[in-house]
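# Summary of the model geometry
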Amino acid sequence: MFITIDGPDGTGKTTLAHKLAENLQAQGLPAVYTCEPTDSELGRRIRTILREGGCELGRLTDLFVEDRAGHIRSFIEPCCRQGQLVICDRYKYSTICYQHLQGEPIERLLERNRNFLAPDLAVILCTNDAGLLLERIGRRGLGADLFESRKTIENSIALYRRMPEFFPEENFHYIDSKLPLEETAAQLSELIRQNFSAKKD
């Protein structure tokens, strides 16, 4: 089973993805955490570009797509075939959102990402409070990347709301990112456990 956790910066995706994997493992389920960009050489190169710039927009999209293709082929699909629950922190929805906000045509982004493996459940953490997200980002104590400005966050919220329009066949589940982490993780754990059991049956 393949689950993605996505949404605007500052919504707590990484924390939730880790907590969710821990909860499922505690229930005896074979959950594994992964993320995009990956920890491969290519993924690390992408992270550097996001911090420092220096890459043409279309080329950066190509790098995201290449990293994702390798991730699916070498990790996600093998884990799913082995009966594991894969929890992925960010997926194609991030590439579509942020690359479009940087000026990449939405049509090209959808075309480049449309044929990737569809998650069994695509969780989108979201809120309309851009100020809250900026406050959370500021508390990280890390350098801001190219995407972390108020206007970009406001636009990203609107774009994430449109994902079911772009992928009408996919299973989206929106969660208010203002909810307490423990509550969100517990609810999601139960939802995934039920779906995982149903798929096995």
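Please refer to the structure higher up on the page.
Below is a short write-up of the structure. Everything quoted here is computed from the prediction, not taken from an experiment. Within each chain, residue numbers correspond to sequence positions counted from 1 in written order. In keeping with the model being predicted, local features are shown solely for residues with a pLDDT of at least 70 and side-chain atom pairs are shown and tallied solely at 80 or more, while totals for entire chains, interfaces and linings include all residues. Derived side-chain values reflect all non-hydrogen atoms in the structure, with water molecules and hydrogen atoms excluded from consideration.

### What about helix α3 (residues 57-81)?
The condition is simple: A run of H or I in DSSP counts as a helix once it spans at least four residues, and a run of E counts as a strand once it spans at least two, with each numbered from the N terminus. The span one expects for a helix is its residue count, reduced by one, times 1.5 Å. Here the bend at a residue means the angle between the axes of two seven-residue stretches, the one that ends at it and the one that starts at it. Pairs of N or O atoms are called polar contacts if they sit within 3.5 Å, as long as, within protein, a hydrogen donor faces a hydrogen acceptor (for residues adjacent in sequence, only side-chain-to-side-chain pairs).
Compared with the 36 Å implied by 1.5 Å per residue over 25 residues, the 35 Å span of α3 between its first and last C-alpha is a close match. At Ile72, α3 is deflected by roughly 45 degrees, the largest bend along its length. At the N-terminal end of α3, a side-chain oxygen is found 3.1 Å from the backbone nitrogen of Gly58, two or three residues along, and the residue is Glu56. Just beyond α3, the residue with positive phi is Gly83, at close to 85 degrees.

### Points about the packing of aromatic side chains
Given two aromatic rings, their pairing is described by the distance between the two centres and the angle made by the two planes. As a reminder of what qualifies: Centre distance within 6.5 Å is the pairing criterion for rings of Phe, Tyr and Trp, where only the six-membered ring of Trp is used; planes under 30 degrees apart are then read as stacked, over 60 as edge-to-face, and the remainder as tilted. Only protein chains enter the area calculation, which uses a 1.4 Å probe; residues under 20% of their type maximum are buried, those over 50% are exposed, and those in between are partly exposed. In our convention, an over-ring charge means Lys NZ or Arg CZ found within 6 Å of a ring centre and within 35 degrees of that ring's normal.
This structure, assessed with the given rule, holds five aromatic pairs. Seen in terms of ring centroids, Tyr93 and Phe167 are 5.7 Å apart; in terms of plane orientation they differ by 85 degrees. Their pairing is edge-to-face. Here Tyr93 is found in helix α4 (residues 92-101), whereas its partner Phe167 is found in the loop between α8 (163-166) and β5 (172-176), with 74 residues between them in sequence. Of the residues examined, Tyr93 reaches a relative accessible area of 0% and is grouped as buried. Between Tyr93 and Phe172, the ring centres sit 5.3 Å apart and the planes meet at 65 degrees, which makes this aromatic pair edge-to-face. With Tyr93 in helix α4 and Phe172 in strand β5, the pair connects residues that are 79 residues apart, well separated along the chain. On the accessibility criterion, Phe172 (14% relative accessible area) is buried. Taken together, the ring pairs connect Phe2, Tyr91, Tyr93, Phe167 and Phe172 into an aromatic cluster. Above the ring of Tyr91, the side-chain terminus of Arg68 is found at 5.6 Å from the ring centroid.

### A closer look at the side chain of Asn23
For the record, the criterion: Should any heavy atoms of two residues lie within 4.5 Å, those residues are counted as being in contact.
Here Asn23 is to be found in helix α1 (residues 13-26). The exposure class assigned to Asn23 is buried, which follows from its relative accessible area of 17%. Within the local environment of Asn23, its side chain forms a polar contact with the side chain of Ser189, the two groups lying 3.4 Å apart. When residues no more than four places from it in sequence are discounted, the contact partners of Asn23 are Ala185, Ala186 and Ser189.

### Considering the sheet that holds strand β1 (residues 2-6)
The condition is simple: In this analysis, strands are considered paired if DSSP registers two or more bridges between them. Between N-to-C directions, angles cover 0 to 180 degrees, with each direction set by a line fitted to C-alpha atoms, over the stretch in contact for helices.
With respect to topology, five strands assemble into an open sheet ordered β2-β3-β1-β4-β5, the strand pairing being parallel. Looking along the sheet, the strands with just one partner apiece sit at the ends: β2 (31-35) and β5. Going across the sheet, the axis of each strand differs from the next one's by a mean of 20 degrees, ignoring polarity. Bridge count for β1 against strand β3 (residues 85-89) is four bridges, and the pairing is parallel. Each residue of the ladder has a partner; that of Ile5, found in β3, is Asp89.

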